[in-house]
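Report on the structure
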Amino acid sequence: LAAMRRREVYATTGPRIAVQFYGGYGFTAADLTAADLYEHATAQGVAMGGSLSGDDTAPTFIVVAARDPAGANLDRIQIVKGWIDAEGEQHEKVFDVAWSGDRETDPEGKLSAVGNTVDLQTGKVRNSIGAPQLSAVWQDPEFDARAPAFYYTRVLQIPTARHSLLDALALGRAHAEDQPDTIQERAYTSSIWYSPDGGVSR
């Protein structure tokens, strides 16, 4: 209940993916190896659900994710940014900040799909792609100190069998009618909020 009051909570679409998300100023890659990441990160910033404000420097974020121990590997970590511009218009943009394998983003910043190892005859998935853990330190490259904004993390699994395929297989069918066979389960964190009017709050 205390965590919910702090908005320091996250959700998944089913798998027990674990994710930590912190925001602050001046985080570096070395912070990822802190012995007590929570204490270290919140000493100079905030956890998910917290607020940042009043700094002309772009905030930096730490995100660490681990797969469900009994589930599929992870595809990527994304940070979703929403903001309001000077004209009062709302915007949203998704940034890929960490991913499995040796994929590279294209000139437009898009990351290729991770692949799909689901056996459509059994519904089982091979963990031959993806990663058991992913982490990153990320700084907003499009930061505007005057614009109120929020940031949250989205963690994607590699594709697994969707319930529609599993139901079809149980009924002796090859596919479910008009339904996808696979799905990328995910986790979402609470937002970290930025406002231009000074201070750091938890």
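The model shown is predicted, which means the values in this text are computed figures rather than measured ones.

Take the overall build of the protein chain next. A tally of helices and strands in the protein chain yields three helices and 14 strands. Buried residues in the protein chain amount to 43% of all 202 residues. The contacts in the protein chain between residues at least 6 apart in sequence include a share of 76% that link residues at least 24 apart.

Right, let's talk about the environment of Gln78 for a bit. If you trace the backbone, Gln78 turns up in strand S6 (residues 74–84). When sequence neighbours within four positions are dropped, the list of residues in contact with Gln78 reads Val94, Phe95, Asp96, Val97, Tyr152, Thr153, Arg154 and Leu156. Here the side chain of Gln78 touches Asp96 through a polar contact of 3.0 Å, side chain to side chain.

Moving on, we come to the pattern of salt bridges. Pairing is possible between side chains that carry opposite charge, provided their charged atoms lie close to one another. Counted by the stated rule, this structure contains seven salt bridges. A salt bridge links Arg6 to Glu8; its shortest N-O distance comes to 2.9 Å. A salt bridge links Arg103 to Asp75, with the nearest nitrogen and oxygen atoms 2.8 Å apart. Separated by 28 residues along the polypeptide, Arg103 in the loop between strand S7 (90–99) and strand S8 (133–139) and Asp75 in strand S6 bring together distant segments of the chain. By the burial criterion, Arg103 is buried, and Asp75 matches it.

For the rest of this paragraph, the subject is the pairing of strand S13 (residues 192–195). Burial of S13 is one-sided: the residues Ile192 and Tyr194 facing one way are buried, the residues Trp193 and Ser195 facing the other way are not. Judged from the three bridges that link them, strand S4 (residues 51–53) and S13 form a sheet pairing that is parallel. Of the residues in S13, the one forming a bridge with Ser53 is Ser195. Of the pairings in the sheet, the one linking strand S9 (residues 149–157) to S13 comprises three bridges and is antiparallel in character. The residue of S13 that forms the bridge with Tyr151 is Ile192.

Let us look at the sheet that holds S8. Spatially, S3-S2-S5-S8 is the arrangement adopted by the four strands of the open sheet, whose pairing is antiparallel. The sheet terminates laterally at strand S3 (45–47) and S8, the two strands that pair on one side only. Strand-to-strand twist across the sheet, computed as the mean angle between neighbouring axes with direction ignored, equals 15 degrees.

Rules of the game
Residues numbered from 1 in each chain as written. Predicted model: local features only at pLDDT ≥ 70, side-chain atom pairs only at ≥ 80, totals over all residues. Heavy atoms only, no water. Helix = DSSP H or I, 4+ residues; strand = E, 2+ residues; numbered from the N terminus. Buried < 20%, exposed > 50% of the residue type's maximum accessible area, 1.4 Å probe, protein only. Contact = heavy atoms within 4.5 Å. Polar contact = N/O pair within 3.5 Å; in protein donor to acceptor, adjacent residues only side chain to side chain. Salt bridge = Lys/Arg side-chain N within 4 Å of Asp/Glu carboxyl O. Pairing = 2+ DSSP bridges. Axes fitted to C-alpha atoms, helices over the stretch in contact; angles between N-to-C directions.

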